[in-house]
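# Coordinate analysis (summary)
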Amino acid sequence: MVAYDTLPGGDRNRFNQGHTATHEIGHWLGLFHTFQNGCDNPGDYVDDTAFEREAASGCPRGRDTCRSKSGEDPVTNFMNYSEDACMTHFTRGQGQRMVDHWMAFRSGRNTGEPDPRMAAPSSDWRRGPSVDVRADAAPDGRVEASAAVR
Ligand SMILES: [Zn+2]
């Protein structure tokens, strides 16, 4: 569920391009915030999102709140709290986690226990099929998100 004023055309200043919905769908498909667990392992359980001490506000590109870990804060990631115009992508690892979560919990095709990799991604996890995840805001205000496994 998202507030109606966050949808395209809504009155929520800086948060009305629809990426609140993109973000919430990310949660529904098993993603945590990029700042989950701060600078501490296991972070957000995704290997290719940099660690981040706290949520971003606005669009602080270049910020690095976890100096002991590699990479600048993922402020343009859909799973942060940046304003909509700042958000551009999910990472490949997030895409894989969403596909794995879908297969384990949402598809109705799971026949056994939840895949333990959902709680603790391993390096083996990366050897699976590649996935493309896209979420685009069209000029008419529609937001389209898709995931394709190859
Ligand atoms: Zn959230």
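All of the points below concern the structure found in this document. Not measured: the values here are computed from a predicted model.

Regarding its fold elements, the protein chain presents two helices and two strands. In the protein chain, the succession of α and β elements from N to C terminus is α-α-β-β. The buried share of the protein chain, taken over its 150 residues, is 29%. The contacts in the protein chain between residues at least 6 apart in sequence include a share of 45% that link residues at least 24 apart.

Moving on, we come to helix α2 (residues 92–106). In this model, α2 (15 residues) spans 20 Å end to end at C-alpha, consistent with the 21 Å of a helix rising 1.5 Å per residue. Backbone geometry just after α2 places Gly-108 at a positive phi near 80°.

A separate point is the environment of Leu-31. Along the polypeptide, Leu-31 turns up in the loop between α1 (19–28) and α2. Taking the C-alpha atoms as reference, Leu-31 lies 7.2 Å from Arg-97; in sequence the two are 66 residues apart. Apart from the residues lying within four places of it in its own chain, the contact partners of Leu-31 are Gly-26, Met-79, Gln-94, Arg-97 and Met-98.

Attention now goes to the environment of Cys-59. Within the fold, Cys-59 resides in the loop between α1 and α2. For Cys-59, a count of 16 C-beta atoms within 10 Å corresponds to the partly exposed category. Sequence separation of Cys-59 and Cys-86 is 27 residues, and the distance between their C-alpha atoms is 5.7 Å. When residues no more than four places from it in sequence are discounted, the contact partners of Cys-59 are Val-75, Ser-82, Glu-83 and Cys-86.

For the rest of this paragraph, the subject is α1. Helical geometry: 3.6 residues make up each α-helical turn, so side chains three or four residues apart lie on a common side. The complete set of buried residues in α1 reads His-19, Thr-20, Thr-22, His-23 and Gly-26. Considered in projection along α1, the buried side chains sweep an arc of 160° and stay on one side of the axis. Following α1 by one or two positions, Gly-30 adopts a phi angle in the positive range, close to 95°.

So, on to unusual backbone geometry. The linkage connecting Asn-41 with the following residue, Pro-42, adopts the cis geometry, with an omega of 5°. As for its position among the elements, Pro-42 is in the loop between α1 and α2. The backbone of Arg-14 shows a phi angle near 70°, a positive value even though the residue is not glycine. Checked against the element boundaries, Arg-14 lands in the segment before α1. Arg-14 gets classed as exposed once you count the C-beta atoms within 10 Å, which come to 12.

Cut-off values and rules
- Residues numbered from 1 in each chain as written.
- Predicted model: local features only at pLDDT ≥ 70, side-chain atom pairs only at ≥ 80, totals over all residues.
- Helix = DSSP H or I, 4+ residues; strand = E, 2+ residues; numbered from the N terminus.
- Buried ≥ 20, exposed ≤ 12 C-beta atoms within 10 Å, placed from the backbone.
- Contact = placed C-beta atoms within 7 Å.
- Expected span 1.5 Å × (residues − 1).
- Arc of directions from axis to C-beta.

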